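Per-entry structural report
Chain by chain, the residues:
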Amino acid sequence: MKVYITEDDMCTTQKLNLARVHKWLEVNGAEVVDHPDGADKVICTTCNGWSLLEQNSYDRISRLRPQFGDETIVLGCVVDAHPDKVKSMHNGPAVGTKGPYPYSFAGIESCFPEFGVSLSDVPAQSTFRRKEDYRDYNLSKRFINIAEGCAFACSFCTHKPGLGNRRSRPLDDILQQIEKCVEEDVRIVNLMGMETSLYGVDVGSSYPELLSAVLDFSDTYEVHVAQFQPQGIYRYYDELLPLFQNKRVTDIQVPIQSTSQRIMKMMNRKEHSEYIGPFMKEVRAENPRAILRTDLIIGWPTEEEEERTASLDFSGKHFDEIALYSIELHPDLPAWKYKDQAFSDGELEQIRRASTAYLKEHYQVVVHSGQQDDASMESAEEQRKNLRLTRSAN
């Protein structure tokens, strides 16, 4: 059997899950081919992260469905987030991301009933399927999904409807993957997830327990902390601080979004800057090697310039890298009720440009806008490399 997997716009966590599906297909004797011509089945990937990515998903379905019919398997977050839209375009098999397991796409097994090896029997992957999936192709750095889904319910978030609630992987399972990385002489281990700060709460563990175990397992690699929500600093301040001060922890991402209590309430988030500021100062004092990163949402409906400037100043003082995202409101989400107070697309673009210029003028920080502006990410990548070289000397 020949199976074609389309190009994908997926986030890092789901690229790893897709790599597991790819490996599962091969373990069961299928051949994953590079082109749809001649394929017996096609896996059409979807992403719900931004409106552009959602539309790209629908375009792929529209392109493939006429050629492959029910041999098209639509897979990914759009299946869960917009099931009616998917059904209107495709009445064949569809595989969502949500599920009871600490990995995604388990439903794909029903599309291949003849397979003897279960997806759960295939180890979690730490590399992507294709070299093209990397911004910086470097196999000495590996990505470890420590949990699926998210524990929070932000009013604007397009990810949660597709990803579902948090499902943490058992600590022993993660350490087995770390062991494999050590065997392969990996130099950087990135602890990933859509949100990681409340890892383990559902399985009787915690992020400090996980990070301590990962640091103790071997001293041959650095650790990167990704998508660590500020709630984790508030909850684990004293336990977490000495771990983040460890000089082998060389990258810490804490997406704060805003320092405005009013706006954070509209986002259905807690505002913890009174803890984040002192925490980051203490981390930097003992661990100057660490690159401290954050995300900001700018241009929230009714946001005042003073609120935005306060968030920019706080981020500039405490972080080395800042991702600036202008808000996208979606009619399926609670924050849609603010649409009549929202800035126009042109105003949002101006806010983002002005905010970027403000940070560059007042602070020595790396600034980009992620997938909302790939050109800014390309520029930031080179700055980030230079910053890491400077910090590695400490």
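Definitions and limits used
Residues numbered from 1 in each chain as written. Predicted model: local features only at pLDDT ≥ 70, side-chain atom pairs only at ≥ 80, totals over all residues. Heavy atoms only, no water. Helix = DSSP H or I, 4+ residues; strand = E, 2+ residues; numbered from the N terminus. Expected span 1.5 Å × (residues − 1). Buried < 20%, exposed > 50% of the residue type's maximum accessible area, 1.4 Å probe, protein only. Contact = heavy atoms within 4.5 Å. Salt bridge = Lys/Arg side-chain N within 4 Å of Asp/Glu carboxyl O. Core = buried A, V, L, I, M, F, W, Y, C linked by side-chain atoms within 4.5 Å. Pairing = 2+ DSSP bridges. Axes fitted to C-alpha atoms, helices over the stretch in contact; angles between N-to-C directions.

**Some thoughts on helix α10 (residues 273-286)**
Helical geometry: 3.6 residues make up each α-helical turn, so side chains three or four residues apart lie on a common side. Helix length check: α10 (14 residues) gives 20 Å between terminal C-alpha atoms against 20 Å at 1.5 Å per residue, within 8%. Within α10, the full set of buried residues consists of S273, I276, G277, F279, M280 and V283. Structurally, α10 contributes buried residues whose contacts are with α8 (230-244), β11 (249-253), β12 (291-298) and α11 (305-318).

**What to know about the pattern of salt bridges**
Under the counting rule described, the total for this entry stands at 25 salt bridges. One salt bridge in this structure joins D173 and R169, with 3.2 Å as the shortest N-O distance. The closest approach of N and O atoms between D340 and K339, which form a salt bridge, is 3.1 Å.

**Topic: the nonpolar core**
Counting 51 residues, the largest nonpolar core has Y207 and F244 as its most contacted members. Element by element, the count of residues in this core is highest for α8, at seven residues. Counting residues in each nonpolar core, the second largest holds 22 residues, with M10, V32, F112 and L119 among its members.

**Let's talk about the environment of G99**
As for its placement among the helices and strands, G99 is situated in the loop between β5 (94-95) and β6 (141-145). G99 sits 123 residues away from E222 along the chain, and the two C-alpha atoms are 31 Å apart.

**What to know about the sheet that holds strand β9 (residues 188-192)**
A sheet is described by the order of its strands in space; here seven strands give the open sequence β6-β9-β10-β11-β12-β13-β14, paired in parallel fashion. At either end of the open sheet lies a strand with only one pairing partner, and these are β6 and β14 (366-368). Averaged over all pairs of adjacent strands, the angle between strand axes in this sheet comes to 15 degrees, irrespective of strand direction. Of the strand pairs in this sheet, β9 and strand β10 (residues 222-225) are connected by four bridges, and their pairing is parallel. Within β10, the residue paired with L191 across the bridge is V225. Relative to the sheet, helix α1 (residues 12-27) contacts β6 and β9, its axis offset from that of β6 by approximately 90 degrees.

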